[in-house]
Amino acid sequence: MPLNHLIRDGDNPDITEERQKATFSTEELAIEIYGEPLAQRRREISAEVLKRPELLDDCPHVFLDRTTKVENSMKKTVAVMEKGSEICDFTSREELGHLVCEVFGDDGFPLSIHFVMFLPAIQGQADDEQAEQWIPRAMRLEFIGTYAQTELGHGTNLRALETTATYDKRTQEFILHTPTVSAYKWWPGNLGKTANYVIANAQLYIDGKSHGPHNFLVQIRDENTHQPMPGITVGDIGPKFGLNTNDNGFLRFDHVRIPRRNMLMRHSKVSADGVYSPPVHPKLSYGAMIFVRATMIRMLAHVVLKAATIAIRYSCVRRQGEIKTGNGEVKILEYQTQQHRLFTALARGFAYRLVGDEVKNLYEKIAEEVKHGNVEQLADLHALLSGMKSIVSYDSGKAIEQCRMACGGHGYSHASGIPEMYAVEIAGCTYEGENMVMLQQQARYLVKGIHRLAHGEELSTMLQYLANTSNNKFRIGESGVDLENALILALEYIARSTIERVTARLDSLQNKGLSAENAWNENAVELTRASRTHTRLWIARCFRDRVHRIENHAIRSALTDILELFLTYEVVDMSQYLYQGGYANSDQVAQVKDAMYKLLEKIRPNAVSYVDAYEVSDTELRSVLGRRDGNVYDNLLKWAKSNPLNRTEVLPAVEKHLMPMMLAAKSKL
Ligand SMILES: CCCCCCCCCC/C=C\CCCCCCCCCC(=O)SCCNC(=O)CCNC(=O)[C@H](O)C(C)(C)COP(=O)(O)OP(=O)(O)OC[C@H]1O[C@@H](n2cnc3c(N)ncnc32)[C@H](O)[C@@H]1OP(=O)(O)O
Ligand SMILES: Cc1cc2nc3c(=O)[nH]c(=O)nc-3n(C[C@H](O)[C@H](O)[C@H](O)COP(=O)(O)OP(=O)(O)OC[C@H]3O[C@@H](n4cnc5c(N)ncnc54)[C@H](O)[C@@H]3O)c2cc1C
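Residues numbered from 1 in each chain as written. Chains lettered and ligands numbered in written order. Predicted model: local features only at pLDDT ≥ 70, side-chain atom pairs only at ≥ 80, totals over all residues. Heavy atoms only, no water.

A. Inspection of the overall build of the chain at higher detail. A tally of regular secondary structure across the chain gives 23 helices and 11 strands. For the chain, the C-alpha atoms occupy an extent of roughly 90 × 80 × 65 Å along the three principal directions. When the 669 residues of the chain are sorted by exposure, 54% land in the buried category. The long-range share in the chain, meaning contacts at least 24 apart out of those at least 6 apart in sequence, stands at 73%. Carbon and sulfur atoms provide 53% of the accessible area of the chain, an area that totals close to 29,500 Å². Counting 78 positive and 84 negative side-chain charges, the chain places the averaged centre of each group 4 Å from the other. (Helix = DSSP H or I, 4+ residues; strand = E, 2+ residues; numbered from the N terminus. Buried < 20%, exposed > 50% of the residue type's maximum accessible area, 1.4 Å probe, protein only. Contact = heavy atoms within 4.5 Å. Areas by Shrake-Rupley, 256 points an atom, 1.4 Å probe, with all protein chains shown as cover. Lys, Arg positive; Asp, Glu negative; His and termini not counted. Charge placed at Lys NZ, Arg CZ, Asp CG, Glu CD.)

This is the structure we're talking about:
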């Protein structure tokens, strides 16, 4: 009885052979990842989608122009909303999220910002009466909302946003206004053509005094005609690197009046007579960003695991070159370089996915406390998420790009599905806070940690390793120290020494008279490095703890291989830091590399089963190379033939332009 539940007739024998080698049950690993009963529900949802043509694409969407893509996604949205409750439980974010992934892939769900930012912003920042007024209507989709914060001139520096919301005591209204071109709202997803309401982030003015950015609910399109409301100019910002089914938009307010109660008032309030009550924490109006930063980790991991699924399956059906002359062409996955590229991507995907669950749980716990006015842990959460969104978006992007290159020429084709995945994923380096900026947000917290330690103050759990100065020698290979522990301690050393070094430099420059701001900017690159090392340590520890909690022995053992590969790769990648301060020597680093290469060999027989267990359906994958059945070549040919350019043998454009040129050239002979 094969352990891999995906073995079926008609599959490419090269991929069936892979599935027969599995040392664990893919079904049990799927349950470990998704939990019961979600693992089963996901399969049922995938099977139901296949039975409903209105939820499926008529042709690969990369062949479509932008207007048709947008129309298709809107049509499918209606089908999901009308029939989706027959397929999945709409109250389950996981089930609905899975249905959305099946139907839309990565590129464009017209309600994504409605669900991912608009609703969470109301849930976290509206008072009870406002929530009662807005949430049921938004959930029923009587209107569609988005989150309009970024402006043409400013996205990062929120304190400099120019849109104003001026309170008029006489009418008890706010007047929303866009004073300059650079104050146009720019980028919000689904703003261009879809949304009728926005949560607009604007500088609050009362009696000429500014109180900083606050959030306001503003209607921008009529609920019946969808025409822009008076005073509103709105449109789509044009094609982008990716996410082209999404209508990211621009928006201008021309003295638009909204009722006083349209300011979100759970945390900050303005009374009818214009008295302002500040929030318990000045950054509570940034809550929707915190939510997305927490949620996006799993979304980004999902894209890495999809790319790894494609590249690993393809590498088992693609044969090219011989390892031993005369023994025949091998599957390209036999090459160590291929394994190194792909299994490290796989390991990052699993690490980020499982750690993403922990981040989500931590977020939910702290968000609940914040909702009740307890902001004690907000700084810890903000620092952690700032680092996590940066590391996971960037390192996932690198992993996806490796998966694409590992597919050779076919990886560059949209038939692989990977170019679009990369384009969507890599946007995560920019949205929700540009990575360099967010790494520096976390660095502030780390530097403060070193200062607190110097003053004998208590450190948060996340930073306690900074006090472990006795960890000053690499313990790999020592008796009583297993590989995992030695590697985690090495990562602790890397993070601690990097943070200590940059803090010492900052302090010394300031002691020499440099201003704090200038000293900071002179160390900004090193500060981002410190932040990276800290976050990579946090991920490693959290991944290890998650794997250690697994009760099923075979699954724990399978994920231990992935964990150890992840740890060895991280240590090798940052090994230059180990030499500083004499923590390790080159022989010890070579030992880590050897361990890593052994792990590649160990993982090799299970490679297809790991990605099978992540269970992304062919519908969602939208990849000819990554097909579950491994029948790649016939389907590549079919895919190319279905390309609209091949509808006619001779293109009208060739007849019109090239043929006359060639005929004219001949007539000159
Ligand atoms: C039923 C539901 C079904 C759902 C199904 C849905 C399925 C969906 C599938 C969808 C598929 C695909 C979707 C694709 C999704 C794409 C989503 C894209 C969304 C993108 C949205 C956006 O980008 S919104 C805009 C985001 N903008 C930013 O992030 C701006 C970045 N800038 C900032 O955050 C800040 O300005 C700053 C942090 C950089 C600086 O702020 P500021 O100048 O105000 O502060 P200081 O630097 O002076 O810091 C002062 C102190 O404040 C601390 N601080 C800062 N921010 C915070 C915070 N947020 N929380 C807590 N504390 C904070 C800072 O640390 C300083 O502290 P001290 O050092 O102690 O002084
Ligand atoms: C796909 C996508 C979807 C988006 N969706 C939304 C949305 O729904 N709603 C919304 O409101 N916004 C949205 N945005 C906007 C997004 O949040 C911003 O683009 C992002 O926050 C970066 O801000 P910026 O564009 O102003 O970049 P800039 O701040 O101009 O960054 C440019 C460069 O300057 C550097 N830089 C800037 N400030 C500093 C600093 N203090 N220190 C060091 N370096 C600095 C950056 O590191 C970067 O290298 C979206 C963007 C994208 C790409």
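B. Expanded view of a nonpolar patch on the surface. On the surface, a cluster of nonpolar side chains totalling about 550 Å² of accessible area is made up of V650, L658, M659, M661, M662 and L663. Relative to the assigned elements, V650 resides in the loop between α22 (632-641) and α23 (652-667). On the basis of relative accessibility, which here comes to 41%, the residue V650 falls in the partly exposed class. (Patch = residues over 30% accessible without salt bridge, like charges linked within 9 Å, V, L, I, M, F, W, Y side chains within 5 Å. Salt bridge = Lys/Arg side-chain N within 4 Å of Asp/Glu carboxyl O.)

C. How the structure looks around the pairing of strand β3 (residues 173-177). Counted residue by residue, β3 has four buried out of five residues, so it is predominantly covered. The pairing of strand β2 (residues 164-168) with β3 spans five bridges and is antiparallel. By the bridge assignment, T164 is partnered in β3 with H177. Taking the residues between adjacent antiparallel strands as the criterion, β2 and β3 are bridged by four residues, where Q172 takes a positive phi near 55°. (Pairing = 2+ DSSP bridges.)

D. Quick look at the pairing of strand β5 (residues 197-206). Most of β5 sits out of view: nine of its 10 residues are buried. Strand direction decides the pairing type here: strand β1 (residues 145-148) and β5, joined by four bridges, are parallel. Bridge pairing links Y147 to I199 in β5. In this structure, β2 lies alongside β5, joined through three bridges in parallel fashion. Across the sheet, the residue bridging to T166 is Y205, located in β5. Pairing between β5 and strand β6 (residues 209-219): nine bridges, direction antiparallel. Note that in β6 the partner of Y197 across the bridge is Q219.

E. Region of interest: the site of ligand 2. The local shell around ligand 2 holds 20 residues, among which Y147, T150, G155, T156 and E434 are the closest. Measuring from an oxygen atom of ligand 2, one finds a backbone N or O atom of G189 at 3.1 Å. Summarising the interface, the protein chains cover 63% of the accessible area of ligand 2, which totals 970 Å² for the free molecule. In terms of residue count, the dominant contributor to the shell around ligand 2 is helix α13 (residues 435-454) (three residues). (Near = heavy atom within 4 Å. Polar contact = N/O pair within 3.5 Å; in protein donor to acceptor, adjacent residues only side chain to side chain.)

F. Structural detail: the packing of helix α2 (residues 26-34) against helix α3 (residues 38-50). Between α2 and α3, whose axes approach to 8 Å, the crossing angle comes to 105°. The angle between α2 and α3 falls in the class roughly perpendicular. Residue-level inspection shows E27, A30, I31 and Y34 of α2 in contact with α3, the latter providing L38, A39, R42 and R43. Classifying every residue of the contact of α2 with α3 by side-chain character gives five nonpolar, no polar and three charged. (Axes fitted to C-alpha atoms, helices over the stretch in contact; angles between N-to-C directions. Parallel < 35°, antiparallel > 145°, perpendicular 65-115°, else oblique. Nonpolar A, V, L, I, M, F, W, Y, C, P; charged D, E, K, R; others polar.)

G. Region of the structure containing the site of ligand 1. Close to ligand 1 lie 30 residues, the nearest being T156, R159, K283, R293 and K448. At 2.9 Å, a side-chain N or O of R444 approaches an oxygen atom of ligand 1. Separating an oxygen atom of ligand 1 from a side-chain N or O atom of K448 is a distance of 2.4 Å. Contact with the protein chains removes 82% of the 1,500 Å² of surface that ligand 1 exposes when unbound. At the level of secondary structure, the elements contributing two or more residues to the shell around ligand 1 comprise α5 (93-104), α6 (112-125), α8 (287-317), α10 (378-406) and α13. Both domains that furnish three or more residues to the shell around ligand 1 are identified here as domain 1 (35-104) and domain 2 (115-278). (Domains from an automatic or database assignment.)

H. Examining the state of the cysteines more closely. In total, this model carries zero disulfides according to the counting rule given. Among the cysteines around C101, which has no disulfide bond, C88 carries the closest sulfur, lying 11 Å off. (Disulfide = S-S within 2.5 Å.)

I. Quick peek at α8. The first and last C-alpha atoms of α8 sit 47 Å apart over 31 residues, in line with the 45 Å expected at 1.5 Å per residue. At M296, α8 shows its largest kink, close to 35°. Buried residues dominate α8, accounting for 28 of its 31 residues. (Expected span 1.5 Å × (residues − 1). Bend = angle between axes of the 7 residues up to and from the residue.)

J. Molecular detail of the UniProt feature "domain: Acyl-coenzyme A oxidase N-terminal" (unreviewed entry) in the chain. The UniProt record annotates "domain: Acyl-coenzyme A oxidase N-terminal" (unreviewed entry) at residues 26-144. Taken end to end, residues 26-144 has its terminal C-alpha atoms 39 Å apart, with 69% of it in helix and 0% in strand. (UniProt positions renumbered as here; feature names shortened; annotations may be inferred.)

K. Expanded view of the pattern of salt bridges. Tallying each qualifying case throughout the model produces 56 salt bridges. Put simply, R43 and E615 hold a salt bridge, and the shortest N to O gap is 3.0 Å. With R43 in helix α3 and E615 in the loop between α20 (607-614) and α21 (618-621), this residue pair connects regions lying 572 residues apart in the sequence. Under the relative-accessibility criterion, R43 is labelled partly exposed at 22%. The exposure class of E615 is buried, given its relative accessible area of 11%. The partner of R404 in a salt bridge is E401, with the nearest N and O atoms 2.9 Å apart. With R404 and E401 both in helix α10 and three residues apart, this pair spans about one turn of that helix. Salt bridges linked by common partners bring E17, E18, K21, K331, E334 and R604 together as one network.

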